[in-house]
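# Coordinates in review
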Amino acid sequence: MSDFPKHITVYEEGPREAFQSEPVVIQTADKIRLIEALSRTGVRHIQCTSFVDPRRVPGMADAAEVMAGLTRVEAVEYSALWMNTRGLQQALNVPYLKVDGKVRIYPSQTFLRQNMGRTPADHRAKNVEMIELCKELGVPVTQASVASAFGCNFQGDIELGDVLRLVAETFELFQEHGLRLEELSLADTMAWATPDAVTRYLGALRDAYPDLNLRLHLHDTRGMGLANAYAGLQMGVIKFDSSVGGLGGCPFANHKSAAGNICTEDFVHMCHELGINTGIDLEALIDAARFAAEIVGHPLSGRVTAAGTLSEVRRRKSAKAAGSW
């Protein structure tokens, strides 16, 4: 137990994950209501939408309308995904949105070609272009993320050595442009991670870069999400992406059963049972998960919403015992 952090930060990605991947049309008003419901749970970071080509991701066609209609909670940091110059400019048009530059690393060349239509050389050039544009516009660039860090449905296993090599090249890229890489996210985009792999990859990165903040973006397609998150907690990770109700799934993952990020309410429940503070009201989060299921029109994968929290069970047992006297 002493190995676990005392406090962790949850980055809620359910709105963006759901809006990009659900086959049904979600009304703009319902998207806004879900974000506002999540804003009242104690979650401090919400990724709301994506400024991407609506021809490729039709669910994001109303991204600007969603952000314009949102009633904000001051304590919450709102963000959006963007992948190119046009998306960045759209994000910057939202005055309250937190906009950062992020260098994206693809150890799977096949996935890079499928997802971005680029060769490694093309992608490096685009990263340089993105960095220069961000510097010109005053947008901070302090983060990098590794897509399909543990394995890829297109290419197969991803070797730890390849990830370490690309991270080293990314540090050099940052240094060449007078920047400091402060945070690295490992994304299990296609759910190839295992607890052993998470431990090995994080351990190697900690050894190589002891001052680097590490973050996990875990998908649950193969039912390993919470086990992998547990391994991350044991390794001292304090930043996790998650998705209310387990919404979402990468639409470009080449897997018909691709699932979303780890379910926020299940992960928060586990953390609370481990004595780890999240700052989140779990009951309010469960209410938001129920609303999310309502707007997408099908049951979600969250277990705690269906079964109830252990705290709830304990309260019922305590009340029953008190009544027996």
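For the structure itself, look to the data block above.
Parameters and conventions
Residues numbered from 1 in each chain as written. Predicted model: local features only at pLDDT ≥ 70, side-chain atom pairs only at ≥ 80, totals over all residues. Heavy atoms only, no water. Helix = DSSP H or I, 4+ residues; strand = E, 2+ residues; numbered from the N terminus. Rg over C-alpha atoms; globule rule 2.2 N^0.38 Å. Buried < 20%, exposed > 50% of the residue type's maximum accessible area, 1.4 Å probe, protein only. Contact = heavy atoms within 4.5 Å. Areas by Shrake-Rupley, 256 points an atom, 1.4 Å probe, with all protein chains shown as cover. Lys, Arg positive; Asp, Glu negative; His and termini not counted. Charge placed at Lys NZ, Arg CZ, Asp CG, Glu CD. Pairing = 2+ DSSP bridges. Axes fitted to C-alpha atoms, helices over the stretch in contact; angles between N-to-C directions. Expected span 1.5 Å × (residues − 1). Core = buried A, V, L, I, M, F, W, Y, C linked by side-chain atoms within 4.5 Å. Parallel < 35°, antiparallel > 145°, perpendicular 65-115°, else oblique. Left-handed = near helix turned anticlockwise from the far one by under 90°. Nonpolar A, V, L, I, M, F, W, Y, C, P; charged D, E, K, R; others polar.

A word on the overall build of the protein. Per the secondary structure count, the protein includes 13 helices and 10 strands. Scaling as 2.2 N^0.38, a compact globule of 325 residues should have a C-alpha radius of gyration of about 20 Å, and the protein matches this with 20 Å. Each of the three principal axes of the protein carries a C-alpha extent, and together these read 75 × 45 × 35 Å. For the protein, buried positions account for 54% of its 325 residues. Long-range pairs, those at least 24 residues apart, make up 76% of the contacts in the protein between residues at least 6 apart in sequence. By element, 49% of the accessible surface of the protein is carried by carbon and sulfur atoms, the whole surface being about 14900 Å². Taken together, the 33 basic and 39 acidic charged side chains of the protein have centroids lying 3 Å from each other.

Within strand β4 (residues 101–105), 4 of the 5 residues are buried, which leaves it mostly tucked inside the rest of the structure. Pairing of β4 with strand β5 (residues 141–146) involves 5 bridges; the strand directions are parallel. Paired with Val103 across the two strands is Ala144, which belongs to β5.

Moving on: the sheet that holds strand β3 (residues 77–82). Pairing is parallel in the open sheet, where 8 strands are placed in the order β3-β2-β1-β10-β9-β8-β5-β4. One side of each edge strand has no neighbouring strand; the edge strands of this open sheet are β3 and β4. In this sheet, neighbouring strand axes are inclined to one another by 25° on average, regardless of whether the strands run parallel or antiparallel. Two elements, strand β8 (residues 183–188) and strand β9 (residues 213–218), share 6 bridges in a ladder whose sense is parallel. By the bridge assignment for β9, Ala187 is matched with His217. Sheet strands in contact with helix α9 (residues 225–234) are β8, β9 and β10 (239–242), and its direction is about 170° off that of β9.

To continue, consider unusual backbone geometry. Keep in mind that most residues, glycine aside, have a negative phi and that most peptide bonds are trans. Positive phi values are uncommon outside glycine, yet Ser148 reaches one of about 45°. You can see Ser148 is positioned in the loop between β5 and β6 (151–152). We note that Ala191 has phi near 60°; this positive angle belongs to a residue other than glycine.

The next point concerns helix α6 (residues 120–137). Between its first and last C-alpha, α6 extends 26 Å over 18 residues, near the 26 Å set by a 1.5 Å rise per residue. Tucked into the core, α6 has its buried residues touching β3, α4 (85–92), β4, α5 (109–116), β5 and α7 (160–176). Note on α6: the residue one or two positions beyond its end, Gly138, has a positive phi of about 75°.

So, about the pairing of strand β1 (residues 9–12). A regular strand places its side chains so that they alternate between the two faces of the sheet. As paired strands, β1 and β10 are joined by 4 bridges and run parallel to one another. The partner of Thr9 across the bridge, within β10, is Lys239. By the bridge criterion, 2 bridges tie β1 to strand β2 (residues 45–51) in an arrangement that is parallel. Bridge pairing in β2 links Glu12 to Ile46.

Our focus in this paragraph is the nonpolar core. Generally speaking, a soluble globular protein has its nonpolar side chains buried in company with each other. Ranked by internal contacts, the top residues of the largest apolar core, which has 97 residues, are Leu97, Leu184, Leu186, Leu233 and Phe267. By residue number, the principal contributor to this core is helix α11 (residues 282–296), which donates 9 residues.

Another point: the packing of α9 against helix α10 (residues 264–273). Relative orientation of the contacting elements α9 and α10 amounts to 40°, with a least axis distance of 11 Å. Taken together, α9 and α10 sit at an angle that is classed as oblique. When the axes of α9 and α10 are compared, the crossing they make is right-handed. Side by side, α9 and α10 meet where Leu226, Ala229, Tyr230 and Leu233 of the first sit next to Asp266, Phe267, Met270 and Cys271 of the second. The class makeup of the residues in the contact of α9 with α10 is 7 nonpolar, no polar and 1 charged.

With that out of the way, let us pick up the side chain of Thr49. Mapped onto the elements of the fold, Thr49 is located in strand β2. Judged by its relative accessible area of 1%, Thr49 is buried. Not counting residues within four places of it along the chain, the set of residues in contact with Thr49 comprises Arg16, Met60, Ala63, Met67, Ser79, Ala80 and Leu81.

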